[in-house]
Amino acid sequence: MPGLSDKIKVRSIVGRFLEHSRIYYFENGGDGDVYIGSADWMQRNLDRRVELVTPIEDSRLKKRLKEEVLDVCLRDNVKARLLLPDGTYERVVAAKGEERVDTQSQLMSSYTSI
């Protein structure tokens, strides 16, 4: 919707782990707000069940989610798709010479040694 949602970007990453969490990040004038949840805000789900998200208020956790997870998701050019204004999705394709980033593989590699 012009003037309302034209700055909203929706990126979907579906890979090995179909049931995935959601991270909502709102810039909020430079003071980012972060929310997490399992909510799939599709009309069919909102009509039939309750979907919840919760704010992350701890600044250390907000920073980790943004830098360690969300930033990787936003660089994904293997499994990512962008939601277009008409409701369809367009696959994100790596530019020539650009490093391929697969979010789920990268996160699994990062956290398997923990």
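Above: the structure in question.
Predicted model only: the values in this text are computed from it and were never measured.

Taken together, the side chains of Ile 8, Val 10, Leu 83 and Tyr 89 make up a nonpolar region of the molecular surface, amounting to roughly 360 Å² of accessible area. Note that Tyr 89 resides in strand S6 (residues 89-91).

With that settled, the discussion passes to the sheet that holds strand S4 (residues 53-56). In space, the 3 strands of this open sheet follow the order S2-S3-S4, with antiparallel pairing throughout. One side of each edge strand has no neighbouring strand; the edge strands of this open sheet are strand S2 (22-26) and S4. Strand-to-strand twist in this sheet, taken as the mean axis angle between neighbours without regard to direction, amounts to 25°. Across the sheet, helix H2 (residues 59-75) lies against S2, strand S3 (33-37) and S4, angled at about 110° from S2, the strand it touches most.

Attention now moves to the pairing of S2. Pairing analysis gives 5 bridges linking S2 to S3, with the strands arranged antiparallel. Counterpart to Phe 26 in the pairing with S3 is Asp 33. Between S2 and S3, which pair antiparallel in sequence order, lie 6 residues; one of them, Asn 28, sits at a positive phi of approximately 55°.

Moving on: the pattern of salt bridges. Considering all chains together, one arrives at 4 salt bridges under this definition. Lys 63 is paired through a salt bridge with Glu 67; the nearest N and O atoms lie 3.8 Å apart. Residue Lys 63 and its partner Glu 67 are located together in helix H2, separated by 4 residues, close to a single helical turn.

Once that is clear, we can look at the sheet that holds S6. Pairing in this open sheet of 3 strands is antiparallel, and the strands run S1-S5-S6 from one edge to the other. In this open sheet, the two strands that pair with only one neighbour each are strand S1 (11-13) and S6. Between one strand axis and the next, the sheet turns by 35° as a mean value, whatever way the strands run. When S1 meets strand S5 (residues 80-83), the two strands line up antiparallel, connected through 3 bridges. Looking at the pairing, Arg 11 lines up with Leu 82 of S5.

Conventions we followed
- Residues numbered from 1 in each chain as written.
- Predicted model: local features only at pLDDT ≥ 70, side-chain atom pairs only at ≥ 80, totals over all residues.
- Heavy atoms only, no water.
- Patch = residues over 30% accessible without salt bridge, like charges linked within 9 Å, V, L, I, M, F, W, Y side chains within 5 Å.
- Areas by Shrake-Rupley, 256 points an atom, 1.4 Å probe, with all protein chains shown as cover.
- Salt bridge = Lys/Arg side-chain N within 4 Å of Asp/Glu carboxyl O.
- Helix = DSSP H or I, 4+ residues; strand = E, 2+ residues; numbered from the N terminus.
- Pairing = 2+ DSSP bridges.
- Axes fitted to C-alpha atoms, helices over the stretch in contact; angles between N-to-C directions.
- Contact = heavy atoms within 4.5 Å.

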